[in-house]
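Descriptive structure summary
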Amino acid sequence: MRIAVGVTGASGTVYGYTLIKSLADLGVEVHAVYTDMGRKVMEYECGLGMEDVKKYAVVYENTDLFAPVASGSFKTGGMVIAPCSMHTLGALAGASGRDLLTRAADVTLKEGRKLVVVPRETPLTTIHLENMLRLAKAGAVIMPAAPDFHNRPKELDELVTSLIDRVLNIFNIEK
Ligand SMILES: Cc1cc2nc3c(=O)[nH]c(=O)nc-3n(C[C@H](O)[C@H](O)[C@H](O)COP(=O)(O)O)c2cc1C
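Presented here is an overview of the structure given in this document. Only a predicted model underlies this, so the values are computations on that prediction, with no experimental measurement involved.

1. Digging into the sheet that holds strand β5 (residues 114–119)
One open sheet accounts for 6 strands, arranged β3-β2-β1-β4-β5-β6; its pairing is parallel. A strand with exactly one partner marks an edge of an open sheet, and here the two such strands are β3 (58–60) and β6 (141–142). Pairing of strand β1 (residues 2–7) with strand β2 (residues 29–34), which is carried by 6 bridges, proceeds in the parallel orientation. Directly across from Val-7, in β2, lies its bridge partner Tyr-34. Against the sheet, helix α1 (residues 13–25) makes contact with β1, β2 and β4 (78–84), and its axis sits at roughly 165° relative to β1, the strand it touches most. Sitting on the sheet, helix α7 (residues 156–170) is in contact with β4, β5 and β6, with an inclination near 165° to β5.

2. Concerning the site of the ligand
Residues in close proximity to the ligand total 14 residues, the closest being Gly-9, Thr-35, Ser-85, Thr-88 and Arg-120. The separation between a nitrogen atom of the ligand and a polar main-chain atom of Arg-120 is 2.6 Å. Breaking the shell around the ligand down by element, the ones donating at least two residues are α2 (36–46) and α4 (86–93). Residues that form the shell around the ligand fall into these classes: 5 nonpolar, 7 polar and 2 charged.

3. Description of the nonpolar core
Formed by 30 residues in total, the largest nonpolar core has its most connected members in Ile-20, Leu-23, Val-53 and Val-80. If you list the elements that add at least two residues to this core, you get β1, α1, β2, α3 (50–53), β4, β5 and α7. Each residue touching Val-80, except ones within four places of it in the same chain, is listed here: Ile-3, Ala-4, Val-5, Gly-6, Leu-19, Val-116, Val-118, Val-167 and Phe-171. Membership of the second largest hydrophobic core comes to 24 residues, among which are Ala-67, Val-69, Phe-74 and Leu-92.

4. A closer look at the packing of α1 against α2
The contact between α1 and α2 brings their axes to 9 Å, and the two run at 95°. The angle between α1 and α2 places the two elements in the roughly perpendicular class. Taking contact as the criterion, the partners of Thr-13, Val-14 and Tyr-17 in α1 are, on α2, Gly-38, Val-41, Met-42, Glu-45 and Cys-46. In the contact of α1 with α2, the residues fall into 5 nonpolar, 2 polar and 1 charged.

5. Looking at the packing of α4 against helix α5 (residues 100–110)
α5 packs onto α4 with a crossing angle of 45° between their chain directions and a minimal axis gap of 10 Å. Of the possible angle classes, the one that applies to α4 and α5 is oblique. Along this stretch, α4 crosses α5, giving a crossing that reads as right-handed. In this structure, α4 contributes Thr-88, Ala-91 and Leu-92 to the contact, and α5 contributes Leu-101, Thr-102 and Ala-105. Of the residues that constitute the contact of α4 with α5, the class distribution is 4 nonpolar, 2 polar and no charged.

Rules and cut-offs
Residues numbered from 1 in each chain as written. Predicted model: local features only at pLDDT ≥ 70, side-chain atom pairs only at ≥ 80, totals over all residues. Heavy atoms only, no water. Pairing = 2+ DSSP bridges. Helix = DSSP H or I, 4+ residues; strand = E, 2+ residues; numbered from the N terminus. Contact = heavy atoms within 4.5 Å. Axes fitted to C-alpha atoms, helices over the stretch in contact; angles between N-to-C directions. Near = heavy atom within 4 Å. Polar contact = N/O pair within 3.5 Å; in protein donor to acceptor, adjacent residues only side chain to side chain. Nonpolar A, V, L, I, M, F, W, Y, C, P; charged D, E, K, R; others polar. Core = buried A, V, L, I, M, F, W, Y, C linked by side-chain atoms within 4.5 Å. Buried < 20%, exposed > 50% of the residue type's maximum accessible area, 1.4 Å probe, protein only. Parallel < 35°, antiparallel > 145°, perpendicular 65-115°, else oblique. Left-handed = near helix turned anticlockwise from the far one by under 90°.

Structure follows, in structure tokens:
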């Protein structure tokens, strides 16, 4: 199985990194795209760089519209954008396709594949909410970065994993 992962400059880049690592550990071929701010925020929040991500995924430049994930003929099981900034959410809702991340997401939707969007912002404006509604109507699964507390997590990792496990469930991936 092959899954595309987009990571943007919203807070919670640890979600994207953990997802990429979890998928790779489960034998899934991961194709990753980071926005510029995705890279910067991951470095700021997690102290991780792209060399860490490249251990687990094929990583493309966001400017590289010739990358395989930009084309519908490159078959994937779907795409996850985690975390998804409000900037990228707006671009997705407008079917922008101007960079690789938004193009790959648009391709995922047009091909009828699973697109999971993990937005991270609070509070939300009506613009944010309408963008989410628009994407949901087009078939995307909107999964806010809202981790579970009912398992009484003691570590940050448990909180992060609780959300990532829900994402894996969408793709019927068992740990
Ligand atoms: C430390 C940090 C945290 C941020 N957190 C958020 C956030 O949670 N949600 C959001 O929508 N934008 C957040 N931003 C702003 C985005 O990075 C900014 O809107 C950027 O243009 C997003 O670009 P991108 O979608 O291409 O990654 C944050 C920025 C920084 C520096």
